[in-house]
Each structure stands twice: as C-alpha cells, then as structure tokens.
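Examining the three-dimensional arrangement
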Amino acid sequence: MQHQLQGIKKFSARLVFAAGLVFLLFIFLNAIFPLPPEPDYSTIITDNRGEVVHAYLSRDQQWRMKTELNEISPLLRRIIVAKEDKYFYQHPGVNLLAIGRAFFRNIVRMKRTSGASTITMQVARALEPKRRTYLNKCIEIFRAFQLEWTYSKDEILQRYLNLVPYGGNIQGVKSAAILYFKKNPDHLSLAEITALSIIPNRPSTLVIGKHNDLILRERNRWLQYFAKEGIFSAADIKDAMDEPLNATRGAVPTLIPHLSNRLKSGGDIIHTHIDMNMQTTIEKLVADYSSGLKLRDIRNAAVVVVNNETKQVLSYIGSANFRDTTDGGQVNGAAAIRQPGSTLKPLLYGLCIDQGLLTPKSIISDVAVNYRGYAPENYDKKFNGAVTMEYALEHSLNIPAVKSLQQLGKDRMVEKLIEAGFKQVNRDQHKLGLSLVLGGCGASLEELTGLYSAFAADGVYTPPSFTTADSSVRRTRLLSAASCFMVTDILSKVDRPDFPLNWQSTEHMPKIAWKTGTSYGRRDAWSIGYNKKFTVGVWTGNFSAKGVAELSGANIATPLLFKIFNTINYDSDQDWFSPPPGCDLRLVCSETGLPPNDFCTNIISDYFIPLVSPAGKCQHMQEIMVSADESISYCQSCVPANGYKKKLYKVISPELQNWMEDNRVAYAKIPPHNPACEKVFKEGQPAILSPANGTEYLISKSHPEPLQLLARLAPDANKSYWYINNKFYKASNKGEKQFFVPEEGPVKISCTDDKGRNRDVWITVKYVNL
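As a starting point, this report considers the structure included with it.

**Brief notes about the overall build of the protein**
Secondary structure assignment for the protein yields 21 helices and 27 strands. The C-alpha radius of gyration of the protein comes to 39 Å, more than 25% above the 27 Å expected for a compact globule of 770 residues. With respect to the principal axes defined by its C-alpha atoms, the protein has extents near 145 × 65 × 60 Å. Residue burial in the protein is summarised as follows: out of 770 residues, 50% are buried.

This is how it looks when you write it as structure tokens:
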C-alpha cells in the first residue's frame, strides 16, 4: 500500500511537471506566434436606435458587418451554442472527448464522418484558413487555446458570428440579417435565426432566395431537434415551424448618404444620433420644396437640425436629392464652405453688448462711410440715418454692422468664430477685414447651425455631436446670457422685413428666433432659427455658385425653415426664453439709447447689463449762444457782453447732417459762427471720402478711368476747393462730385473749404496693361 501511494505521488509530480512544461511552451509559442489579426470589416452607420442606415463594403469587397456584443440576443446565443457547440461554455477551446470520438469514427470508417470543431476552433480556422490536414488541425487547436487565453467566451462567440460565411461575399450574421431580413441580429425570430444557422454548413448550396424550400426543410428539422432536446418550448417551436420563409437577398441600406460619406472613415461601426423619423420627414420636405424652386433656377438645399439640450445632430441633409447627378446631388451642401451673408451679425451685436458698446436701443448712424477704400452698402443701396441697434439687426443693415465691428475690433470677432469651430475663418484669420460681418469669410451650414445653438444655451458653445463616439465636451462661452437674451428677443419679432412675403396666413407661425442671410451675388440664401428645443439651419442655392436674382434668405430659405419647425416642433411657443440674472430694464432717451437727462422728453425702456452697458447720461442736446435774432452763433472767444441768448440745439454729427440734407429731413441748424471771430478753428476740416488716403490705384493705360473727388464738409461750410499736387484744380459746391485723371506716381490731393480749413491725402498711381 505504501509503495502504491509513493507511485501515485511520483506520477502526480511528473504530471504537474509535464503540465508546467506544456504551459511554459504555450506561453513561449504564444509570444512567438501571435494570433492573426481580424479581417477588415465593413463600415456601417446606424441611427439613434442602432438600426443600420448605411453600409460600405470592406476593403476586400466583402459584406462583413461587425456584430456588437449587445446585439447578441439570448435567443441567438442559445441557438448557435445548441447547434454548433453545446459544451462551448464548459471546455477550454477544445473538446477532447469530441476529438477522440471523431478520430475513432474516422479511423474505423476510413473517411471523415464526424467533425469535432468547437466554436473557438471554427474562429481560429476563419482567422487563418488552411487546408484540412492533421498538422493544420494541430495548429487550429493551438490557436483555439490562444483565443481562450486572450478573450472571454462572449467575445469568442462574437468573433464567430462576425466571421461565419453565408455564401458569396456575405460574412457574419449581421450582414446576413441585414441583407436577407432587413433587420439587426437582435431582432431576428427563432425561425429566422435557425434558418441562418444552417447556411454556413453549405453556403454555396443553401442560398436564401434560391433554395428556400430546402432551407425550410433543414430549418424545421433543426427546430424539431431543439424541441426534442427541450431547448425551447413546444409552443415556440410550433410558431417557428409555421413561420414562412420568403426572404430574398436585398440591398444594403443607403440612407443619410451625405453624413455617412462624411463619417465613414471613423471606424467599423459608427453610431449617429440621427432620428430617422425626423430625417425622412425633412428629406421629403426638402425634396418637395426644392422641386418648386427649380422653376426659379434654384436647384438645391441643405438642412441641419441640432437638439439644443444634448447638442446631438438629429437630421442632416446635404442636398435635395443625393442621386440627382445633373445638379450635383452628391455634393454635401451642409459641409461646403460658402459665404455666410448676414448670418454673423447676431454674434457681432452680442459681443458689442458684452463689451459695453451697445444696447438694443443704442443709436448708430446709417450713412455713407469709407474705411481706407472700403465703402460698404446696405442691401437696398439706401441709407436710413440714425437707427437703433435693434432696428439695424431686424433690418440686417450693413453699414451699422461694419461700424460696430470697427468699434469692437475685427480680431475679437475672429477669435470668437475660431472658438466656435469655424475652420476656414481660422485659416484665413490674417486676411479678414471689416467685410467679415457681411459674409466676407468662409463658413459651412454645420458651423453656423452650431453657432446659433449657442444662443439657445445662454451663449455657451458646445460642438454639435454627430456620433456617440464624440468625446468632445469642450464648452466655450461666446456671449453672456444677458446679451444672448437681448439678441434672441430681437430675432424673435415677427414684424420684420425679412418675414417671407409668400408665407400663407393660414399656416402656423412657430415661435422661433431666426436670422437670414444672402451672400454677395445672390449665390447663397441662409435662414437659421432656434427655440429652446431645436436649432435648424437651412441653405438654398446652386452648387455651381450660379447667382439668381430671386435668391434671398427671407423669401427662399425662410419658408422652408418655418415648414421644418412646424413639422418637428409645432407648439414651440409653450416654453420661451426669459431674462436671465444680470439682464435688467431701464429708462433711456430714444435719441441716444442712454439714460435720460433733464432735457430728454421721449423716454423708452431698454434692456441693459448693469456695470457693463453705457451709463453716461444722454447728451443729445447742447446749449449754444446765439444772437437775439438767432442768425449767428458765438463761442467763448467772441460772445458779446449783451444782446445774445442761450438756446438748446440737437447734436448731429456732420455725416448725419449731410444725410438729412440730402434726404430733405428738417432739423434745427446751429446758426453760422460769428464771421468777426478771430479764433482759428482746429476742428471741422473737410473729410476726404474719395480717393482713400494711402491707397495704390491701378489705372489702365489703354482706357484710363478718372478718380472721384468727394469730401464731407462741416455744417458751416458750403464750398470746397480742390488742389492736385498743390495746384488748384476745381471748386465745387457742398456734396458735389468731381473727377480727375491723375498722373503716375505719388499724388497729393488737398481739399479746402470756404472757411479756410484744409485736409490733405496722398495716393500712389500706377498705369498698367489691363
């Protein structure tokens, strides 16, 4: 007995030693011969419910769609394990009993009659296909152990489901489910899974759509086996056997094509936030609306919808019809860089409010200006005189916007646009000028929609999220909550000139804040709106950049914007923005938008930011000493001892006085200054508007065109005298334009008014072959 115990101990020790050697050998071989990589998978795009909406062939032209772990339903797991490897969760990758049984049967019958491959071994064979030999079977067993060492059982099952063949260029249960049953694997029924499970055994002779009767018989045979083994209840088996098999191979979904093409390099499975119900509804709206625009030679439109609470992109339409090759339907209008027109003005005015430069009732003069040769014009080529910031934004006036940007500083706005993800602005930041706010830069509908969503978030910008993999939670404050509310309050008014003329009175007007924009040459029409729930961006135009006279943001893009809001958020006025802390109301003078003085008579209310907004009292009136008959005015140097009186006159800038005189607007003029006054006036010199000081002018040698001479004179001046290189040229009356053809080289231009005040400018002239 003692001798037997010692023998057992020695045998056990040798067995442990042998096992240790085998283990060390496995570790060594595992390090030298790592597992082969998985094959390239098809890229698939899903919507917010996980349904496949678009797919692309793998690099080797296979439909090999990856099944995610959460798509392996308990039903799918039970059927595959029961049919292929019922001891899958018990063995270490190799079923030694099954191998022994198969080996014995094959030897006895002198041919292969029984297989012993586990699910793990089948994965190993799929990863590294080889001829069926005993040596390759040993390699397969080694690879199976490697797989079990590296992955969990569920991960191995996942790889089996991803690589199992279904004939032709279809691999993986997900590819088969999508192509044959148009659904994800976790939505398959017992009958459908069983039908799919038998195809890999004979993928070339069991083809769904061609051999359905044969597949049906095989399916029912396996269902009977499941019933016999008690894997499923008799009722479940009966329902499955009664289920017909009418499936045929279908086409892979090709929905949301523009967004899919934009995202397809992002991985094997890309989960978007797209709401397909909303997407298909808006796609139809865009297609129907665009078909009507073709009669006006306007052929395309793009739409982006962002959920303001989550910043998720719920709908993305790049063109009216992706398959329309005649009008560039495959061009992605939502990502294309275009001129944004006036759509950046809300950001500008919000920044001006935060800098303490403006409030909604602040007065800005809308008159002719010239910034070193840049003379912006309004959309209608007219001037409006003194307007409020509110009016300027409502009517999208260009000159007040350029004046405000000049006062704010171009770099400040460029910095904010870069923070809001404007890539083209970032690239061109050193080239941009004051025309930036009128659309003199590049922007996409994606970027503009993301920018406007910040207005719905109290001025905090968060990049729109296209996929669940977007890890960026970068939040940037662009504006204060107070300035956002003021801008939103202005943009939500319905009595605006950009309200679409053709909007039927019978249609519901959604409660939204919106801004339109039209690019130079009428090539792009924009309308971007938001409420608390959604931000919707709309672009209309032609991908060829062809301008159309009828194209405008108000009358072309805005009706589509309203239709979309009516569809996705009909009762949007139930919850609206309210003044945030730090945004208060105060009384101001309507003449300046500043707190009223004693002489102010027209008092209105205005929003402001305490300790930020302009706080100085209104000074729109000044006291002037005039003669008894009010024919002349005096200064402290020439006022007589008696015989004069003091009178209040409205302070009007010289450029605004010129506009009022040109437009025959009556106002109380300050009488001419005392002609006997000997004081030398240092102010009031003529302002030379053209040509611009320090500018180089290129003039054609063959067809030289004259340069314009134009100056703005002080109110007490009526005549100007022009000098070219210190030689008298011409005299002109106030507001009169003169022209001259300069000589080549540096040219000095002087303008003297009838009070003796002078202004000089220098220009450079070059004659070139044009």
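**A look at unusual backbone geometry**
Looking along the chain, the bond that leaves Ser-690 and enters Pro-691 is cis, with omega of 0°. Mapped onto the fold, Pro-691 is located in the loop between strand E20 (687–690) and strand E21 (696–700). Look at Leu-611: it is not a glycine, yet its phi comes out positive at around 70°. Looking at the secondary structure, you find Leu-611 in the loop between strand E16 (603–608) and strand E17 (621–627). For Leu-611, a relative accessible area of 92% puts it in the exposed group.

**Description of the packing of helix H13 (residues 345–354) against helix H16 (residues 410–419)**
Two elements in contact, H13 and H16, have axes whose closest approach is 11 Å; the angle formed by their N-to-C orientations is 120°. Here H13 is positioned oblique relative to H16, judged by the angle of their axes. Between H13 and H16 lies a crossing whose hand is right-handed. Contacts from Leu-347, Leu-348 and Leu-351 in H13 reach Met-413, Lys-416 and Leu-417 in H16. Looking at the contact of H13 with H16, its residues break down into five nonpolar, no polar and one charged.

**Notes on the sheet that holds strand E25 (residues 738–740)**
Read from one edge to the other, the open sheet built from three strands follows the order E20-E22-E25, with strand pairing classed as antiparallel. Each edge of the open sheet is held by one strand with a lone partner, namely E20 and E25. Across the sheet, the mean angle from the axis of one strand to that of its neighbour is 35°, orientation sign disregarded. Where E20 lies against strand E22 (residues 707–712), three bridges are found, and the strand directions are antiparallel. When the bridges of E22 are listed, Ser-690 appears paired with Leu-710.

**Points about the nonpolar core**
Among the nonpolar cores identified, the biggest contains 73 residues, and Leu-344, Met-413, Leu-417, Phe-422 and Leu-436 are the most heavily contacted of them. At seven residues, helix H19 (residues 481–491) tops the list of elements feeding residues into this core. Apart from the residues lying within four places of it in its own chain, the contact partners of Leu-344 are Met-413, Leu-417, Phe-422, Leu-436, Val-437, Cys-441, Leu-448 and Leu-451. Trp-63, Leu-161, Tyr-166 and Ala-195 belong to the second-largest nonpolar core, a separate cluster that totals 54 residues.

**Structural notes on the environment of Ile-237**
Residue position: Ile-237 is located in helix H10 (residues 234–242). Spatially, the C-alpha atoms of Ile-237 and Gln-224 are 7.4 Å apart, while their sequence positions differ by 13 residues. In contact with Ile-237, not counting residues within four places along its chain, are Leu-190, Leu-223, Phe-226, Ala-227 and Phe-232.

**A closer look at the pattern of salt bridges**
Applying the stated criterion to the full structure yields 40 salt bridges. Between Asp-524 and Arg-338 there is a salt bridge whose closest N-O contact spans 2.6 Å. Note that Asp-524 is positioned in strand E13 (residues 524–530) and Arg-338 in the loop between strand E7 (313–317) and H13, a separation of 186 residues in sequence. Both residues of the pair, Asp-524 and Arg-338, belong to the buried class. When salt bridges with common partners are traced through the structure, they connect Lys-294, Asp-297, Arg-299, Asp-324, Asp-327 and Lys-546 into a single cluster.

**A closer look at H16**
Among the residues making up H16, those that are buried are Met-413, Val-414, Lys-416 and Leu-417. Buried residues in H16, looked at end-on, bunch into an arc of 160°, giving them a common side. Residues of H16 that are buried in the fold lie against H13, helix H15 (398–408), helix H17 (423–427), helix H18 (445–455) and strand E11 (476–477). Backbone geometry just downstream of H16 places Gly-421 in the positive-phi region, at approximately 85°.

**Some remarks on the packing of aromatic side chains**
Taken as a whole and assessed by the stated rule, the structure comprises 16 aromatic pairs. Ring geometry for Trp-222 and Tyr-225: centres 5.3 Å apart, planes at 80°, overall edge-to-face. Of this pair, Trp-222 and Tyr-225 both sit in helix H9 (residues 212–229), three residues apart, which is roughly one turn of the helix. Residue classification places Trp-222 among the buried positions, given a relative accessible area of 17%. With 5.2 Å between their ring centres and 90° between their planes, Phe-485 and Tyr-607 make a pair best called edge-to-face. Residue Phe-485 is found in helix H19, and its partner Tyr-607 is found in strand E16; the two are separated by 122 residues along the sequence. Classification of Phe-485 by relative accessible area gives buried; the value is 9%. One aromatic cluster is present, formed by Tyr-452, Phe-455, Tyr-530, Trp-576 and Phe-577 through successive ring pairs. One residue, Lys-153, lies across the ring of Phe-88, its end atom 4.6 Å from the ring centre. Here the basic side chain of Arg-159 rests over the ring of Tyr-151, its NZ or CZ set 3.9 Å away from the ring centre.

**Quick notes on the side chain of Lys-748**
Looking at the secondary structure, you find Lys-748 in strand E26 (residues 745–753). Take Lys-748: its relative accessible area is 17%, and that puts it in the buried class. Within polar-contact distance, the side chain of Lys-748 engages the side chain of Asn-726 at 3.0 Å. For Lys-748, the contacting residues outside a window of four places in its chain are Tyr-723, Ile-724, Asn-725, Asn-726, Asp-760, Val-761 and Trp-762.

**Let's talk about the environment of Phe-543**
Structurally, the position occupied by Phe-543 is in the loop between strand E14 (534–541) and helix H20 (553–568). Through-space distance from the C-alpha of Phe-543 to that of Ala-301 is 9.3 Å; in sequence the pair is 242 residues apart. When near neighbours in sequence (up to four residues on either side) are disregarded, Phe-543 contacts Asn-300, Gly-318, Ser-319, Asp-327, Gly-328, Val-331, Gly-333 and Arg-338.

**Notes on helix H2 (residues 74–84)**
Buried within H2 are the following residues: Leu-76, Ile-79, Ile-80, Val-81, Ala-82, Lys-83 and Glu-84. Against the buried residues of H2 lie helix H4 (119–127), helix H6 (153–163), helix H8 (190–198) and H9.

**A word on the side chain of Ser-590**
As for its position among the elements, Ser-590 is in the loop between strand E15 (584–589) and E16. On the basis of relative accessible area, Ser-590 is assigned to the buried category, the value being 19%. Reaching out from Ser-590, the side chain makes a polar contact with the side chain of Asn-602 at a distance of 2.9 Å. Aside from chain neighbours lying at most four places away, what touches Ser-590 is Ile-363, Asn-602 and Ile-604.

**With respect to the pairing of strand E24 (residues 727–733)**
As paired strands, strand E23 (residues 719–724) and E24 are joined by six bridges and run antiparallel to one another. Its bridge partner being in E24, Trp-722 is matched across the sheet by Lys-730. What sits between the antiparallel neighbours E23 and E24 is a turn of two residues, in which Asn-725 has the positive phi angle 50°.

**What about the state of the cysteines?**
In total, this model carries zero disulfides according to the counting rule given. Of the cysteine sulfurs around Cys-618, a residue in no disulfide, the closest is that of Cys-600, at 3.6 Å.

**Some remarks on the packing of H8 against H9**
Axis separation between H8 and H9 bottoms out at 9 Å; the angle between their running directions is 110°. What the angle tells us is that H8 and H9 run roughly perpendicular. Considering only the axes of H8 and H9, their crossing is right-handed. Of the residues in H9, those in contact with Leu-190, Ala-191, Thr-194, Ala-195 and Ile-198 of H8 are Ile-215, Glu-218, Arg-219, Trp-222, Leu-223 and Phe-226. Residues that form the contact of H8 with H9 fall into these classes: eight nonpolar, one polar and two charged.

Calculation rules
Residues numbered from 1 in each chain as written. Predicted model: local features only at pLDDT ≥ 70, side-chain atom pairs only at ≥ 80, totals over all residues. Heavy atoms only, no water. Helix = DSSP H or I, 4+ residues; strand = E, 2+ residues; numbered from the N terminus. Rg over C-alpha atoms; globule rule 2.2 N^0.38 Å. Buried < 20%, exposed > 50% of the residue type's maximum accessible area, 1.4 Å probe, protein only. Axes fitted to C-alpha atoms, helices over the stretch in contact; angles between N-to-C directions. Parallel < 35°, antiparallel > 145°, perpendicular 65-115°, else oblique. Left-handed = near helix turned anticlockwise from the far one by under 90°. Contact = heavy atoms within 4.5 Å. Nonpolar A, V, L, I, M, F, W, Y, C, P; charged D, E, K, R; others polar. Pairing = 2+ DSSP bridges. Core = buried A, V, L, I, M, F, W, Y, C linked by side-chain atoms within 4.5 Å. Salt bridge = Lys/Arg side-chain N within 4 Å of Asp/Glu carboxyl O. Arc of directions from axis to C-beta. Phe/Tyr/Trp six-rings, centres within 6.5 Å; stacked < 30°, edge-to-face > 60°. Lys NZ or Arg CZ within 6 Å of the ring centre and 35° of its normal. Polar contact = N/O pair within 3.5 Å; in protein donor to acceptor, adjacent residues only side chain to side chain. Disulfide = S-S within 2.5 Å.

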